[in-house]
Amino acid sequence: MGTTQPIRKVEEIEALKRYFLHDKPNLRNYAMVCLGINTAIRISDLLSLTWGDIYNFRTNRLRRHITIIESKTGKKTQNALNKNAAQALTLYKNSLPNIKEEDFLFPGRDGKKHLSRCQAYRALKSAGQELHFETEISCHTLRKTFGYHAWKMGVQPAVLMKIFNHSSFQITKRYLGIEQDDIDQVFLEVNL
């Protein structure tokens, strides 16, 4: 089994979002993709979110941050909701009748449990295949996509290490999925 890779091409990210928004409409999956690639939250933590975690029912507004205790590390993290994530969540919320604070953000078929990792994986994998992506995508692709594009935008690896709650810089370097093309680009751009 290969290592999960990020979605490197912005066009492919847009195609994946468009797939769940227009091609095969599923606002739950659309919101999951948008939230996953914009917050770097692990899929296990993302799927266990409730509406109360992201929406303040008292003020009728999305929260500015998602605060969670990571299931893998036990560490508390706070992830800001950016414009794209907020728009996707608002669109999704407006499509649902009578949601309550304790309702799972991404419910499974029965509505009583959250979407399983397996169901999320199947949805993402199927979309990637139908869209003819170069690499196979999985649930972890969402988190890695955030990291890869943050790194490409110039975010310092030490900041990414903190965002991902990695214990070493080596893990973060491996995690970013830096390939020879990325390395070549540095040599071509530093043209002294």
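Everything that follows concerns the structure shown earlier in this document.
Keep in mind that what you see is a predicted model, and the values were worked out from it rather than measured.

**Student:** Would you mind showing me how to read unusual backbone geometry here?
**Tutor:** A negative phi holds for most residues other than glycine; trans holds for most peptide bonds. Even without glycine at this site, Ala40 takes up a positive phi of about 60°. The topology assignment puts Ala40 in the loop between α2 (27–39) and α3 (43–47). Even without a glycine there, the phi angle at His132 is positive, about 60°. By the secondary structure assignment, His132 is in the loop between α6 (117–130) and α7 (139–152). His132 sits in the exposed class, given a relative accessible area of 68%.

**Student:** Could you clarify how one ought to interpret the environment of Cys118 in this entry?
**Tutor:** Among the structural elements, Cys118 can be located in helix α6. Judged by its relative accessible area of 43%, Cys118 falls in the partly exposed class.

**Student:** What is the right way to look at the environment of Asn84 in this model?
**Tutor:** The residue Asn84 is located in helix α5 (residues 83–94) in this model. The exposure class assigned to Asn84 is partly exposed, which follows from its relative accessible area of 36%. A sequence separation of 50 residues divides Asn84 from Cys34, and the C-alpha atoms of the two residues are 6.9 Å apart. Once residues within four sequence positions are removed from consideration, Asn84 is found in contact with Lys17, Cys34 and Asn38.

**Student:** It is not clear to me how a nonpolar patch on the surface should be interpreted in this structure. Could you clarify?
**Tutor:** On the surface, Ile178, Ile183 and Phe187 cluster together into a nonpolar patch covering about 280 Å² of accessible area. By the secondary structure assignment, Ile183 is in helix α10 (residues 180–189).

**Student:** Please clarify how the nonpolar core should be interpreted in this entry.
**Tutor:** Side chains of nonpolar character tend, in soluble globular proteins, to be buried together. Within the largest apolar cluster, 40 residues are counted, with the highest numbers of intra-cluster contacts made by Leu16, Phe20, Met32, Leu35, Leu105, Phe106 and Leu124. Of all the secondary structure elements, the ones that give two or more residues to this core are α1 (10–23), α2, α3, α4 (51–54), β3 (65–69), α5, α6 and α7. What Phe20 contacts, discounting residues up to four positions off in sequence, is Pro25, Asn26, Leu27, Asn29, Tyr30, Val33, Ala123, Leu124 and Ala127. Counting residues in hydrophobic clusters, the runner-up holds six residues, among them Ala40, Phe164, Tyr175 and Leu176.

**Student:** Looking at this structure, I do not really get the pattern of salt bridges. What am I missing?
**Tutor:** Between side chains of opposite charge, a pair can form as their charged atoms come close. In total, this model carries four salt bridges according to the counting rule given. Between Glu14 and Lys17 there is a salt bridge, and its shortest N-O distance comes to 3.4 Å. Placement of the pair is Glu14 and Lys17 together in helix α1, with a separation of three residues, close to one helical turn. Residue class for Glu14 comes out partly exposed when judged on its relative accessible area of 36%. Taking relative accessible area as the criterion, Lys17 reaches 9% and is therefore assigned buried. A salt bridge links Glu70 to Arg42; the nearest nitrogen and oxygen atoms lie 3.1 Å apart. Of this pair, Glu70 sits in the loop between β3 and β4 (76–80) while Arg42 sits in the loop between α2 and α3, and the two are 28 residues apart along the sequence. Take Glu70 and Arg42: they sit in the same class, and that class is buried.

Rules used in this analysis
Residues numbered from 1 in each chain as written. Predicted model: local features only at pLDDT ≥ 70, side-chain atom pairs only at ≥ 80, totals over all residues. Heavy atoms only, no water. Helix = DSSP H or I, 4+ residues; strand = E, 2+ residues; numbered from the N terminus. Buried < 20%, exposed > 50% of the residue type's maximum accessible area, 1.4 Å probe, protein only. Contact = heavy atoms within 4.5 Å. Patch = residues over 30% accessible without salt bridge, like charges linked within 9 Å, V, L, I, M, F, W, Y side chains within 5 Å. Areas by Shrake-Rupley, 256 points an atom, 1.4 Å probe, with all protein chains shown as cover. Salt bridge = Lys/Arg side-chain N within 4 Å of Asp/Glu carboxyl O. Core = buried A, V, L, I, M, F, W, Y, C linked by side-chain atoms within 4.5 Å.

On their own, these measurements won't tell you what the molecule is for.
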